[in-house]
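Commentary on secondary and tertiary structure
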There are 2 protein chains.
Amino acid sequence: MRAADREDSSPSAGAPRQHRPSDAVRVGERHLPLHVVVANELRRAILAGRYKPGERLVEDRLAEDFGVSRNPVREAIRALASEGLVEVTARQGAMVPALTPGHARELIEVRAALEGITARLAAQRHDPQIITRLKAILKRGMAAVASRQTAQLSALNAEFHDALAEAGSNRVLADLMRSLRDRTAPAFAPMTTRAADKTWKDHAAILKAVISGNEEQSAKLAAQHIHNVGSDYLAAKRPRVKRQRRKQ
Amino acid sequence: MRAADREDSSPSAGAPRQHRPSDAVRVGERHLPLHVVVANELRRAILAGRYKPGERLVEDRLAEDFGVSRNPVREAIRALASEGLVEVTARQGAMVPALTPGHARELIEVRAALEGITARLAAQRHDPQIITRLKAILKRGMAAVASRQTAQLSALNAEFHDALAEAGSNRVLADLMRSLRDRTAPAFAPMTTRAADKTWKDHAAILKAVISGNEEQSAKLAAQHIHNVGSDYLAAKRPRVKRQRRKQ
DNA sequence: GGCGGCGCTTCGGTATACAGTATGCTTTTC
DNA sequence: GAAAAGCATACTGTATACCGAAGCGCCGCC
């Protein structure tokens, strides 16, 4: 999916024209095709866990739920499939894929590398405006950790990484990163307070390196951050044979 | 698009079943959905340059050309759009995007990083079977360069990078790489004999590093290779102000 | 009680229709 | 004669209806 299709894309992007009342609502640009709306809604639902892994996404049912015809639903499903958020099998339909350890490992490997170059680019470009924003997000994240508001942390984490991607000012990279972040969301979302604390300390270190313009350090810390969180997730998933009898 | 949707994916991937005559045609597994076929055909056409940048992809016309209805065409277009091979604007339809220097720079930046970790992984995993294949491809590439058969070089280049991706044994990474390779194809395809020579010398060096298991060196060489070819492309595109009056 | 058949569900695809929107051409107006 | 308005046309977005094929599960039969 193109980045411009996301609902949260800036509405004030266009160049200002002359002789145009400033309060004119540029409605023509706003309304998105239904398949995009459906895709966004579905994505949100899947990321929020409202569709569990393994759950089937039946076109007819979704069409009815959303109050649209099957066509936009199909296109939405295809779009999410190409993002890796749903898995469609020919003539069997779509379902939410489970994140297997092997797949998670692959995703994390790639994401770590990309997060690394993102941080490197951010350090290189060194945009003061975005750095200010990053600082603000960091502050809010730290506060959320301190006050144990784990509910917000997922969103704040996404915000931080998004801003970092923007700082890298590489559209291709930012798009890829967002897709990878979505797909690894289960691995990065549910965490202990300890883990959340670690995450935001990592973020702070990354930002510090970016601010100081240390490209090498930024890249290393960002990549390491992803590897760390990923390893924790994988470790938590792995059966601990010493402590617990294996079942099944 | 999922890797499994490509026509060239191994047809013998599924586990063999018992009690099945060996000559039975498993038509159920074989026939791909039309939208996938159309997408593959379209991709091939675009990469082969049969659709020029800026050319519009009108659904009705394509549907007629392929002898299918509009639905599969739309789905194919959407799939290619999410690969970045076509660009669709709401209510305006799809067209083949031109590769702008800025965009090329972004793609190359990302691709270099990913090619780097691919090579690193290949060096790490060190699969002798794939290394044998890489050697064979390298040999054919060198021969093609020596005998000035530039026509084959594009395909051989794709083959080399594909095999390298397979050696990395990371499906997510391989999929991303293929998509990026497709999108940067214009930058990597038309080259002088000199450039082709350089490319395959790079390949040889990368393979040597991979064989020796030197991860750091492999990653560095692979990333550098992409940057080199990319820079050449960008330099060729940039107007040479000293030699030539700027137009427009 | 296992197995084969049968029907239901769902997907993939076709055809058709129509409203909304973009675009290019033409005409009008000053 | 150029800008504005009007108009025709081309396409997209969406809905609807329908068909065939493939999977899935139940049920009854041996």
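The preceding data block contains the structure.
To start, this report covers the structure provided alongside it. (Residues numbered from 1 in each chain as written. Chains lettered and ligands numbered in written order. Predicted model: local features only at pLDDT ≥ 70, side-chain atom pairs only at ≥ 80, totals over all residues.)

Quick look at the overall build of chain A
Scanning chain A for helices and strands turns up 11 helices and 3 strands. Relative to its full complement of 248 residues, chain A shows a buried share of 35%. Relative to all contacts within chain A whose residues are 6 or more apart in sequence, the contacts with residues 24 or more apart total 73%. (Helix = DSSP H or I, 4+ residues; strand = E, 2+ residues; numbered from the N terminus. Buried ≥ 20, exposed ≤ 12 C-beta atoms within 10 Å, placed from the backbone. Contact = placed C-beta atoms within 7 Å.)

Overview of the protein's contact with DNA strand C
Looking at DNA strand C, there are 19 residues lining it, with G93 of chain A together with P33, L34, S69 and N71 of chain B nearest. Elements with a contribution of two residues or more to the surface near DNA strand C: α3 (59–66) of chain A together with α2 (34–47) and α4 (70–83) of chain B. Considering each element in turn, the surface near DNA strand C owes the most residues, 3 residues, to α4 of chain B. Per-class residue counts for the surface near DNA strand C are 7 nonpolar, 7 polar and 5 charged. (Near = placed C-beta within 6 Å. Nonpolar A, V, L, I, M, F, W, Y, C, P; charged D, E, K, R; others polar.)

Things to note about the interface of chain A and chain B
On the side of chain B, 21 residues touch chain A, which itself brings 22 residues to the contact. Here the side of chain A that touches chain B gets 7 residues from one element, more than from any other, and that element is helix α5 (residues 101–125) of chain A. Each residue belonging to the side of chain A that touches chain B can be placed in one class, and the counts come to 13 nonpolar, 2 polar and 7 charged.

Notes on the protein's contact with DNA strand D
In the vicinity of DNA strand D there are 18 residues, among which P33, L34 and S69 of chain A together with E59 and G93 of chain B approach most closely. Taken together, the elements giving at least two residues each to the surface near DNA strand D come down to α2 (34–47) and α4 (70–83) of chain A together with α1 (27–30) and α3 (59–66) of chain B. Examining the composition of the surface near DNA strand D, we find that 3 residues originate from one element, α4 of chain A, more than from any other. Within the surface near DNA strand D, the residues separate by chemical class into 7 nonpolar, 6 polar and 5 charged.

Regarding the sheet that holds strand β1 (residues 56–57) of chain A
Residues and elements named next belong to chain A. Ordered by their spatial adjacency, 3 strands build an open sheet running β1-β3-β2, and the pairing between neighbours is antiparallel. Of all the strands in the sheet, the pair left with one neighbour each is β1 and β2 (87–89). As paired strands, β2 and strand β3 (residues 93–95) are joined by 3 bridges and run antiparallel to one another. Bridge assignment links E87 to a residue of β3, and that residue is M95. Contacting β1, β2 and β3, α4 runs over the sheet at an angle of about 115° to β2. (Pairing = 2+ DSSP bridges. Axes fitted to C-alpha atoms, helices over the stretch in contact; angles between N-to-C directions.)

Quick notes on the packing of α5 of chain A against helix α8 (residues 171–183) of chain B
The N-to-C vectors of α5 of chain A and α8 of chain B enclose an angle of 50°; their axes lie 7 Å apart at closest approach. The angle between α5 of chain A and α8 of chain B falls in the class oblique. The segment α5 of chain A lies against α8 of chain B, with E106, L107, E109 and V110 of chain A engaging R171, V172, L173 and L176 of chain B. Residue composition of the contact of α5 of chain A with α8 of chain B, grouped by class: 5 nonpolar, no polar and 3 charged. (Parallel < 35°, antiparallel > 145°, perpendicular 65-115°, else oblique.)

Comments concerning the relation of the copies chain A and chain B
When chain A is brought onto chain B, the operation consists of a screw motion whose angular component is 180° and whose axial shift is 0.1 Å, with 0.1 Å RMSD remaining. Seen this way, the second copy is the image of the first under a two-fold rotation axis. Of the interface residues in chain A, 91% have counterparts in chain B that sit at the interface too, so the contact is made through matching surfaces. (Least-squares fit on C-alpha atoms with pLDDT ≥ 70 in both.)

Quick look at unusual backbone geometry
Positive phi, normally seen in glycine, also occurs at R91 of chain A, with a value near 60°. Relative to the helices and strands, R91 of chain A is located in the loop between β2 and β3.

Things to note about the sheet that holds strand β3 (residues 93–95) of chain B
Residue and element names in this part refer to chain B. Strand order in the open sheet formed by 3 strands is β1-β3-β2, with antiparallel pairing between adjacent strands. Pairing within the sheet leaves two strands with one partner each, and these edge strands are β1 (56–57) and β2 (87–89). Examined bridge by bridge, β1 and β3 share 2 bridges and lie antiparallel to one another. Bridging from a neighbouring strand, R56 pairs with M95 of β3.

Remarks on helix α10 (residues 193–211) of chain A
Each turn of an α-helix holds 3.6 residues, which means side chains three or four residues apart point in the same direction. Residue and element names in this part refer to chain A. Under the 1.5 Å per step criterion, the end-to-end length of α10 is 27 Å for 19 residues, consistent within 8% with the ideal 27 Å. For α10, the complete set of buried residues consists of A196, T199, W200, H203, I206, L207, A209 and V210. Taken together, the buried residues of α10 touch α5, α6 (128–146), α7 (150–168) and α11 (215–237). Just downstream of α10 lies G213, where phi reads positive at about 75°. (Expected span 1.5 Å × (residues − 1).)

As for α6 of chain A
All names here are of chain A. The end-to-end C-alpha distance of α6, which contains 19 residues, comes to 27 Å, matching closely the 27 Å that a straight helix rising 1.5 Å per residue would cover. Among the residues of α6, those classed as buried are L134, I137, G141 and V145. An end-on view of α6 places all buried positions within 80° of arc, on one side of the element. α6 presents P128, Q129, T132, A136, K139 and A146 as exposed residues on the side facing more than 90 degrees away from its buried surface. Residues of α6 that are buried make contact with α7 and α10. (Arc of directions from axis to C-beta.)

Some words on the environment of D127 of chain B
Residues and elements named next belong to chain B. Turning to its location among the elements, D127 is positioned in the loop between α5 (101–125) and α6 (128–146). What makes D127 partly exposed here is the crowd of 15 C-beta atoms within 10 Å. C-alpha of D127 to C-alpha of G168: the two residues are 41 residues apart in sequence and 8.8 Å apart in space.

By themselves, these are just geometric observations and shouldn't be taken as functional.
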